[in-house]
Amino acid sequence: MKAVVLSEATKAENVVLSETEVPKVKNGWVLVKVKAFGLNHSEQILRLSEIQADYISKPIIPGIECVGEIADSSDSDFYVGQKVVALMGGMGRSFNGSYAEYALLPTHHVFAVGTNLDWVSMAAVPETWFTAWGSLFECLQLKKDDTLLIRGATCALGYAAIQIAKAVGCKVIATTHRENKLPLISNADTAIIDNGQLKAHGVTKALELVGVKTLSDTLNTVEKGGIVCNTGVLGNVYALNSFDPIKFIPNGVYLTGFFSNYPTQTAMNDIFSFIDEHKITPFIGAKYSFSDISTALYDMDNHRVDGKIVVTI
C-alpha cells in the first residue's frame, strides 16, 4: 500500500508516498480501508518536531483520524464493508495512523457511522466535530438561550462550533484578529476583530480557541455565572506560568477545558444524527488527492486554507 512514513522531522515539501506492507490484523484491532482523512495541527507538530521525542516509535505513519470501511473485522463485532470513523487514542503517535491506504486500528477507537454524507464531508467531522461537540455540550453545557463567544473562530474547529451553536439556536459572537477574515465568520450573529481586549456584552459561555494567550481576558469578558472552555492553542502559548487560580479566575466564573482523546460511540451517534437532523454540510476549506499530500501539508503549514483540509484516497 501507499503511505506517508516518517522517521525524522520533515518539512511538507519533503513528504513523499512510500510503498509499505498492508498491516497484518491482530486480536482487538481492525483493518480499515481509508477513504479520506482530515489534516490537523497536532499532526504538523508531530511532523516538524515531536517526532524527535523518544516516546514516538519510528518509523511512524502520521494521522489522528480517518473515515473508511472495514476491510478485516478480526475478532470484533464490525463487519467487512461497514462504514466507520476512527480518531485519537494514539493514532499516528503510539501506533501508525491514517496517512495510508489501510490503517490497523484498535477497535475501541473505531466507530460505526450511519450517515448520508459523502466521504469528503464525513472526513471533515471526526476530530474537529468531536472536539467542538464535547467543548460545547460536555464542558460549556450549551443551551438555546446562551450567548456564546468563540474566540479564534477562523479555524476548522471554530467553523464547526458556529454551525453547531447556530443550529441549537444560540446567539454567537465570533472573533478573528484579521479583518480580511471577517467574511469567513459572517454566519455568526456578530463578527468582531480581536485586539486582545474584548468588550463583548452578555456573554454566558465562551469557547477559547486562542488559548492561554487570551484566556485571562476571556474570563473577564463572560458574565458572572458564565463558563469558559479552553480548547485551542492558536496563540501558540501552551501553559500558564505561576498560575494562581484565586486571582486568575474571576469570582463566579467557571473555567474548564476539553481533551479529545476519549471519543465514544454515543458521541459519534449524536454528532452524525445532529448533522443529519439539521441538514448541516460540514465546512471544508479544501480537498486534495492522496498523491498531492505534500501540497496539502504545505498549504496547511503556510495557512493557505481557511477551514478543514480533507485528503481523499
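Here's a quick rundown of the structure. Just so it is clear, the model here is predicted, and its values are computed rather than measured.

**Looking at a nonpolar patch on the surface**
A contiguous nonpolar patch, built from Leu 240, Phe 243 and Leu 255 and spanning about 220 Å² of accessible area, is present on the exposed surface. Position of Leu 255 among the secondary structure elements: in strand β13 (residues 254–257). Residue classification places Leu 255 among the partly exposed positions, given a relative accessible area of 31%.

**Observations regarding the packing of aromatic side chains**
Scanning the model with the defined rule gives nine aromatic pairs in all. Arranged with centres 5.1 Å apart and planes meeting at 85 degrees, the rings of Trp 29 and Phe 95 form a pair that is edge-to-face. Taken together, the residues Trp 29 in strand β3 (residues 29–38) and Phe 95 in the loop between β5 (83–87) and β6 (102–106) connect sequence positions 66 residues apart. Here the aromatic rings of Trp 133 and Phe 137 are separated by 4.6 Å at their centres, their planes lie at 65 degrees, and the arrangement is edge-to-face. On the criterion of helical spacing, the pair formed by Trp 133 and Phe 137 is a turn pair, its members being four residues apart in helix α3 (residues 126–139). One aromatic cluster is present, formed by Phe 37, Tyr 99 and Phe 290 through successive ring pairs.

**Topic: the sheet that holds strand β12 (residues 227–230)**
Across the sheet, which stays open at both edges, the six strands sit in the order β10-β9-β8-β11-β12-β13 with parallel pairing between neighbours. The open sheet is flanked by β10 (190–193) and β13, the only strands paired with a single partner. Taken over all neighbouring pairs, the strand axes of this sheet differ in orientation by 20 degrees on average, direction set aside. Bridge count between strand β9 (residues 171–176) and β10: four bridges; the pairing is parallel. From the neighbouring strand, Thr 176 faces β10, where its bridge partner is Ile 193. Relative to the sheet, α3 contacts β8 (147–151), β11 (205–208), β12 and β13, its axis offset from that of β12 by approximately 150 degrees.

**What to know about the environment of Ala 123**
Structurally, the position occupied by Ala 123 is in helix α2 (residues 119–123). Along the sequence, Ala 123 and Phe 37 sit 86 residues apart, while their C-alpha atoms lie 5.2 Å from each other. Every residue in contact with Ala 123, bar those within four places of it in the chain, is listed here: Ala 36, Phe 37, Gly 38, Glu 65, Val 67, Lys 308 and Val 310.

**Topic: unusual backbone geometry**
Note the cis peptide between Lys 58 and Pro 59, where omega equals 0 degrees. Within the secondary structure, Pro 59 is located in the loop between α1 (41–48) and β4 (65–72). Non-glycine residue Ser 242 carries a positive phi angle of around 55 degrees. Examined against the element boundaries, Ser 242 turns out to sit in the loop between β12 and α6 (245–248).

**Quick notes on the nonpolar core**
In terms of nonpolar packing, the biggest core is built from 51 residues, with Trp 129, Ile 150 and Leu 207 touching the most fellow members. Sorting the residues of this core by element identifies β5, α2, α3, β8, α4 (156–168), β9, β12 and α7 (265–277) as the ones contributing at least two each. Not counting residues up to four positions away in its chain, the partners in contact with Ile 150 are Gly 158, Ala 161, Ile 162, Val 172, Ile 173, Ala 174, Thr 175, Leu 207 and Leu 209. Grouped together as the second largest cluster of nonpolar side chains are 42 residues, Leu 6, Ile 70, Val 84 and Ala 296 included.

Parameters and conventions
Residues numbered from 1 in each chain as written. Predicted model: local features only at pLDDT ≥ 70, side-chain atom pairs only at ≥ 80, totals over all residues. Heavy atoms only, no water. Patch = residues over 30% accessible without salt bridge, like charges linked within 9 Å, V, L, I, M, F, W, Y side chains within 5 Å. Areas by Shrake-Rupley, 256 points an atom, 1.4 Å probe, with all protein chains shown as cover. Salt bridge = Lys/Arg side-chain N within 4 Å of Asp/Glu carboxyl O. Helix = DSSP H or I, 4+ residues; strand = E, 2+ residues; numbered from the N terminus. Buried < 20%, exposed > 50% of the residue type's maximum accessible area, 1.4 Å probe, protein only. Phe/Tyr/Trp six-rings, centres within 6.5 Å; stacked < 30°, edge-to-face > 60°. Pairing = 2+ DSSP bridges. Axes fitted to C-alpha atoms, helices over the stretch in contact; angles between N-to-C directions. Contact = heavy atoms within 4.5 Å. Core = buried A, V, L, I, M, F, W, Y, C linked by side-chain atoms within 4.5 Å.

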